[in-house]
Amino acid sequence: MDKMKVKVCGMNNKQNIAEVASVGIDLIGLIFFDKSPRSVEKGDVDSAFVKELSILKVGVFVNEELEVVLQKAQEYKLNYLQFHGNESPEYCHKAKETGCQVWKAFSVGDSLDMELLKRYEDLVDLFLFDTKGKNHGGNGMKFNWEALNEYNLSKPFMLSGGLTLKDAQDVSRLEFDKLWGVDLNSGFEESPGRKKSNEIKDFINIIN
């Protein structure tokens, strides 16, 4: 497997983003969902700051109007769009008009819904597997990783859901052909929107 990519999601503080970006992560996730305590609007991050970042940027949306997604993609110069709600395959396909790559998140319990995933396979660039919970992400719980053995599609996927520094060794031993990277969020937080850069650095050193 190639070097595993590391995305840190739910960041909304300028100083913290600068700190975390310096420890070797590959992508940051910016949440454009006002019900999330980690949403961009609840911090001091603005489009002027984000556009100047050299790191790859992922915009996270939940059942948002496509027109708003297109506007945010341009305003913030996003590289990827991550859809974390009930967006249809057609919606995901239309979102590619932004020029961004499109990711679709799915909540996982004990198994994967392969029939559902197949409907999206040709229309998205990557799947993100998160844990089923009351929130759209950031639930702080892991799902049964054994379910990933069922995955047999062509698209790469990202592992999310309750990861902490204690999971780094287990992550380093995963051998799924299509595992592209990991998504770190609530398990590395000081408070919603602010992450512990030292723990993220340690995690990266262990998995790679």
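Along each chain, the written sequence defines residue order, and numbers are assigned to residues from 1. Note on the predicted model: pLDDT of at least 70 is required for a residue's local features to be given, and 80 or more for side-chain atom pairs to be given and counted; whole-chain, interface and lining totals, by contrast, use all residues. Neither water nor hydrogens contribute to the side-chain values; these are computed over all heavy atoms in the structure.

Caption draft 1: Local environment of the packing of aromatic side chains. By convention, a stacked pair of Phe, Tyr or Trp rings (six-membered ring in the case of Trp) has centres within 6.5 Å and planes under 30 degrees apart, an edge-to-face pair has planes over 60 apart, and any other such pair is tilted. Counting across every chain of the model gives 15 aromatic pairs. Considering the side-chain rings of Phe-188 and Phe-203, the 5.5 Å spacing of their centres and the 90° angle between planes classify their relative orientation as edge-to-face. With Phe-188 in the loop between strand 8 (179-184) and strand 9 (189-191) and Phe-203 in helix 7 (residues 197-207), this residue pair connects regions lying 15 residues apart in the sequence. One exposure class covers both Phe-188 and Phe-203, and it is buried. Pairwise contacts between aromatic rings join Phe-106, Tyr-120, Phe-127, Phe-129, Tyr-151, Phe-157 and Phe-176 into one cluster. Strands here mean DSSP runs of E at least two residues long; helices mean DSSP runs of H or I at least four residues long; both are numbered from the N terminus. For the exposure calls, accessible area comes from a 1.4 Å probe over protein chains only, and a residue counts as buried if that area is under 20% of its type's maximum, exposed if over 50%, partly exposed in between.

Caption draft 2: Region of interest: the side chain of His-84. For His-84, the position within the fold is in the loop between strand 4 (80-83) and helix 4 (89-95). Overall, the relative accessible area of 11% leaves His-84 in the buried class. Looking at His-84, its side chain comes within polar contact range of the side chain of Gln-82, at 3.5 Å. Any N or O atom pair separated by 3.5 Å or less is treated as a polar contact, with the protein-specific requirement of one donor-capable and one acceptor-capable atom, and with residues adjacent in sequence counted only for side-chain atom pairs.

Caption draft 3: Spotlight on unusual backbone geometry. If you check the backbone angles, Asn-63 has positive phi at about 50° while not being a glycine. One can find Asn-63 in the loop between strand 3 (56-61) and helix 3 (66-75). Backbone geometry places Lys-77, a non-glycine residue, at a positive phi of 50°. In this structure, Lys-77 sits in the loop between helix 3 and strand 4. The exposure class assigned to Lys-77 is exposed, which follows from its relative accessible area of 54%.

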